[in-house]
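The primary structure of each chain is shown beneath.
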Amino acid sequence: MDPRNFWKLARVLLVLLFLALPVIAFAQAGSGELTGEVRDPSGALIANAKVTLTQSQTDLMYTAATTDGGVYVFSGLKPGRYSIAVETTGFKRYVQEDFNIATGERVHIDVALTIGSVSESVTVASDASPLRTESATMGQVIGTRTIAELPLNGRNFVSLAGLAAGVALPPAATPLPRLSGSRPRTNEYMYDGISVLQPEPGQIAFVPIIDAI
């Protein structure tokens, strides 16, 4: 290949890569995850059980099988209401309906199957437990309606952090919040999965308008 054509092709590929990066970052940002274990009545883990996850608003379905350790995982999920169904030979079909997966959440739902025919089913109507055992991270999602209706000083999204437990908003002269008593300059701010924090003195380099959130 002519060296000049090679470098032209390399530049085109490099441009395409940079164009694709924001799409990849956006796809990862703002998503949730669901995981859990599937066990029999004795507490033993069940491998190769079929797990079907359905988004309630769109009827979009995802399928997976439990690992040899009886674990299933669904990642990159859009926020919304879901239902899950688990089935395997020798056990009744298990269904848990209408639970929520929020932005950035890792929801854990364990399933205990009952011996019987797969044509029979056990349906659970409760939401997923609010206790998150998968991570020590604590979080809270502020909904779109709340963002639009709350009177925010200067229309700055940082004020919304005050709605979460353990967050203290200092006087207006220093608008950066303290999280569980930490210093404001130790905070991290992500926008669509990308940091918008200046290293020193911990200021936000990009503040999106409320209507963009």
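Colleague: Please set out the sheet that holds strand S6 (residues 93-101) residue by residue, giving values where relevant.
Modeller: Spatially, S3-S2-S5-S6-S9 is the arrangement adopted by the five strands of the open sheet, whose pairing is mixed. Two strands close off the open sheet at either side, each with one partner strand: strand S3 (61-65) and strand S9 (121-124). Across the sheet, the mean angle separating the axes of adjacent strands is 20 degrees when strand polarity is ignored. Where S6 and S9 come together, four bridges link them in parallel fashion. Considered in S9, the bridge of Val95 is made with Thr123.

Colleague: Describe in detail the packing of aromatic side chains, supporting the description with residues and values.
Modeller: Counting across every chain of the model gives one aromatic pair. Between Tyr72 and Phe74, the aromatic rings sit 6.0 Å apart at their centres with planes inclined by 55 degrees, giving tilted as the arrangement. Under the relative-accessibility criterion, Phe74 is labelled buried at 6%.

Colleague: An account of the nonpolar core is requested, with residue identities and associated values reported.
Modeller: Membership of the largest hydrophobic core comes to 20 residues, with the highest contact counts inside it found for Leu34, Val38, Leu53, Tyr72, Val86, Phe99 and Leu113. Listing elements by their share of this core, those giving two or more residues are strand S1 (32-39), strand S2 (50-55), strand S4 (71-77), strand S5 (80-87) and S6. Apart from residues no more than four positions distant in its own chain, Leu34 is found in contact with Leu53, Tyr72, Val73, Phe74, Leu77, Ile84, Phe99, Ile101, Val107 and Ile109. Within the second largest apolar cluster, 10 residues are counted, among which are Leu152, Val158, Leu176 and Ile204.

Colleague: Explain the environment of Ser119 to me, using residue names and the numbers behind them.
Modeller: Within the secondary structure, Ser119 is located in the loop between strand S8 (111-112) and S9. We classify Ser119 as exposed; its relative accessible area is 66%. Separated by 27 residues in the primary sequence, Ser119 and Lys92 place their C-alpha atoms 6.8 Å from one another. A polar side-chain atom of Ser119 sits 2.8 Å from a polar atom in the side chain of Ser117.

Cut-offs used in this document
- Each chain has its residues counted from 1, running along the sequence as written.
- The predicted origin of the model limits local features to residues at a pLDDT of at least 70 and limits the giving and counting of side-chain atom pairs to 80 or more, whereas totals for whole chains, interfaces and linings rest on all residues.
- The basis for every side-chain value is the complete set of heavy atoms in the structure, and neither hydrogens nor water enter the calculation.
- For two strands to be treated as a pair, DSSP must find at least two bridges joining them.
- The helix and strand labels rest on DSSP assignments: H or I over at least four residues marks a helix, E over at least two residues marks a strand, and numbering proceeds from the N terminus.
- To obtain each axis, a line is fitted to C-alpha atoms, and for helices this fit is confined to the stretch in contact; angles are then taken between N-to-C directions over 0 to 180 degrees.
- Any Phe, Tyr or Trp ring, taking Trp's six-membered ring, that has another such ring centre within 6.5 Å forms a pair; planes under 30 degrees apart are called stacked, those over 60 apart edge-to-face, and the others tilted.
- Relative accessibility under 20% of the residue-type maximum defines a buried residue, over 50% an exposed one, and the middle range a partly exposed one, all with a 1.4 Å probe and only protein chains included.
- Note on terminology: a nonpolar core comprises buried Ala, Val, Leu, Ile, Met, Phe, Trp, Tyr and Cys residues joined through side-chain atoms within 4.5 Å.
- Residue contacts are counted whenever heavy atoms from the two residues lie within 4.5 Å of one another.
- Side-chain atoms alone can form a polar contact between residues adjacent in sequence; in general such a contact is a pair of N or O atoms within 3.5 Å, and within protein one must be able to donate a hydrogen while the other accepts it.

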